[in-house]
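Understanding the architecture of this molecule
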Number of protein chains: 2
Amino acid sequence: MPRFFISGGSSVAGGVAFIAGEDAAHARVLRLHIGDRVIVCDGNGQDHHCSVTRISPDMVEAEVLETRSCPAEPSVRVTVMAGLPKGDKAEYIIQKCTECGASEILFFPSHRCVMKLDRGAGEKKLSRWQRIAEEAAKQSGRGVIPRVGLLGGLDEAFNTAAATDLPLFLYETGERETLKEAVESAGAIRTAAIITGPEGGFEGFEAELAAMMKLRVCSMGPRIFRCETAPVAALSALMYATDNL
Amino acid sequence: MPRFFISGGSSVAGGVAFIAGEDAAHARVLRLHIGDRVIVCDGNGQDHHCSVTRISPDMVEAEVLETRSCPAEPSVRVTVMAGLPKGDKAEYIIQKCTECGASEILFFPSHRCVMKLDRGAGEKKLSRWQRIAEEAAKQSGRGVIPRVGLLGGLDEAFNTAAATDLPLFLYETGERETLKEAVESAGAIRTAAIITGPEGGFEGFEAELAAMMKLRVCSMGPRIFRCETAPVAALSALMYATDNL
């Protein structure tokens, strides 16, 4: 069923949903008719199931028939934090991690990051990235659009992760537990964080710092993942382990 | 460590590895020096650990120091079979599933497939796809290059899957078990198959046929995955479940 988010220019008031702004253009592409069913989601996990009542060039109105929780939101709130990658890899991470159920997707500069963003370029990227998250949330039936953000550095990622039930730091070498050992020893998991490196990986001192911050430094097995594949594979595994896949 | 496959133009004979053909070009890009360590893999799970002894413009020779099993091969042999997708999504599936440990990656035309390939176009695609699998196998440290292939139809995918310990058919609607239920009730898993649909998904009769063929028709949870994300997420989950992640 076509899905719109209130953040996308649509709104709901007095039992009527108004599909406007950029969403109106999307509605035109979908060639909606009077009586068609659509979902207008509040972006906070609540779905308004609606029936289209009026169509004009810049707005679609729809009657709210029923409001209920979006079934697609996972029971665990996962923050994915990835080293800022080059090219379109960040977009890939955002799209795939949204489908896999991430709640937040944040990028950080780290020691071996090749990519640098100045403030202006960062803001432009962020608005593009947030649109990609919204598109993927619509397409996959999510009730929440993951927040996309840029962190100042790895220390911010560590602090964000440390506040969760399962702060995972994925590292390629050295003494580490497996992802499964970390997940299975965590007890009830309501929140989790997945930290993965940029193209060049992490420096040894970054992994040491993660361990000092009580993050779970763990491996993803003997294969080397690309920086854009690692968060998707780890998130899929975590969703599977917590009965969300 | 730089990694070459015998299939890529390299060979090993009498304790000496010869890095030639396309691999020689790759070796030039890497700027190898005498004494550098490289791995020449037989593509069958055996790694020859070598030291470079001679460099010429079209060949690098290296002494085999030790031969041992590649540690990156998973304990379960997984055949991924996906509905033939449009654009570059097949390439994406090949690259990511190679990283995640697939043994074979096969595409099939099905009822709702938009993409059609004639024989000539198919052969050209296949040779390009096989190169992508080889590149991804090198980069991720695999000991086997997954075989990439085109099946004649969904029936071939069903037959291939039915011969494995865990034939998974991922379907979006209706009565299904979860992926986890299917995996956990399978007992020892030495071989598995993951079948996912094209952009338009599967028809109901295709899922019914899968059930009749004793495939495990199962869901991937309440979120809708893109056709290129589903195999990667399912394979990651299966590798996690079988202690290969």
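Refer to the structure presented above.
Residues numbered from 1 in each chain as written. Chains lettered and ligands numbered in written order. Predicted model: local features only at pLDDT ≥ 70, side-chain atom pairs only at ≥ 80, totals over all residues. Heavy atoms only, no water.

**Comments concerning the sheet that holds strand E3 (residues 16-20) of chain A**
Residue and element names in this part refer to chain A. Read from one edge of the open sheet, six strands run E1-E4-E5-E6-E3-E2, paired in mixed fashion. In this open sheet, the two strands that pair with only one neighbour each are strand E1 (3-5) and strand E2 (11-13). If you compare each strand with its neighbour and ignore which way they point, the axes differ by 35° on average. Where E1 and strand E4 (residues 37-41) come together, three bridges link them in parallel fashion. When the sheet's bridge partners are listed, Arg 3 is paired in E4 with Ile 39. Those strands touched by helix H1 (residues 22-30) are E1, E3 and strand E6 (59-69), and its axis lies near 90° from that of E3. (Pairing = 2+ DSSP bridges. Helix = DSSP H or I, 4+ residues; strand = E, 2+ residues; numbered from the N terminus. Axes fitted to C-alpha atoms, helices over the stretch in contact; angles between N-to-C directions. Contact = heavy atoms within 4.5 Å.)

**Brief notes about the interface of chain B and chain A**
For interface size, the figure often reported is the accessible area lost on association. Taken together, the contact pairs 37 residues of chain B with 36 residues of chain A. Both sides of the chain B and chain A interface together cover about 3200 Å² of buried area, and 54% of this is carbon and sulfur. The three residues of chain B that bury the most area against chain A are Arg 223, Tyr 240 and Leu 245 of chain B, which together make up 27% of that side's buried surface. Between chain B and chain A we count six salt bridges in total. When the shortest N-O distance is used, the salt bridge between Glu 99 of chain B and Arg 226 of chain A registers 3.5 Å. Of all the secondary structure elements, the ones that give two or more residues to the side of chain B that touches chain A are helix H2 (89-99), helix H3 (119-140), helix H5 (179-184) and helix H7 (230-241) of chain B. Sort the elements by how many residues they give to the side of chain B that touches chain A and H7 of chain B lands first, with six residues. Among the residues making up the side of chain B that touches chain A, the classes are represented as 18 nonpolar, nine polar and 10 charged. (Buried area = accessible area lost by both parts, 1.4 Å probe. Salt bridge = Lys/Arg side-chain N within 4 Å of Asp/Glu carboxyl O. Nonpolar A, V, L, I, M, F, W, Y, C, P; charged D, E, K, R; others polar.)

**A look at the sheet that holds strand E4 (residues 37-41) of chain B**
Residues and elements named next belong to chain B. Reading across the sheet, the six strands line up as E1-E4-E5-E6-E3-E2 and stay open at both edges, with mixed pairing between neighbours. This sheet does not close on itself; its edge strands, each paired only once, are strand E1 (3-5) and strand E2 (11-13). The average angle at which neighbouring strand axes cross in this sheet is 35°, direction not considered. Examined bridge by bridge, E2 and strand E3 (residues 16-20) share three bridges and lie antiparallel to one another. Looking at the pairing, Val 12 lines up with Ala 17 of E3. Across the sheet, helix H1 (residues 22-30) touches E1, E3 and strand E6 (59-69), and the angle it forms with E3 is around 90°.

**Comments concerning the environment of Ile 93 of chain A**
All names here are of chain A. Along the chain, Ile 93 falls in helix H2 (residues 89-99). We classify Ile 93 as buried; its relative accessible area is 0%. Discounting residues that sit within four places of it in the chain, Ile 93 has contacts with Ala 82, Pro 85, Ile 105, Phe 107, Cys 227, Glu 228 and Pro 231. (Buried < 20%, exposed > 50% of the residue type's maximum accessible area, 1.4 Å probe, protein only.)

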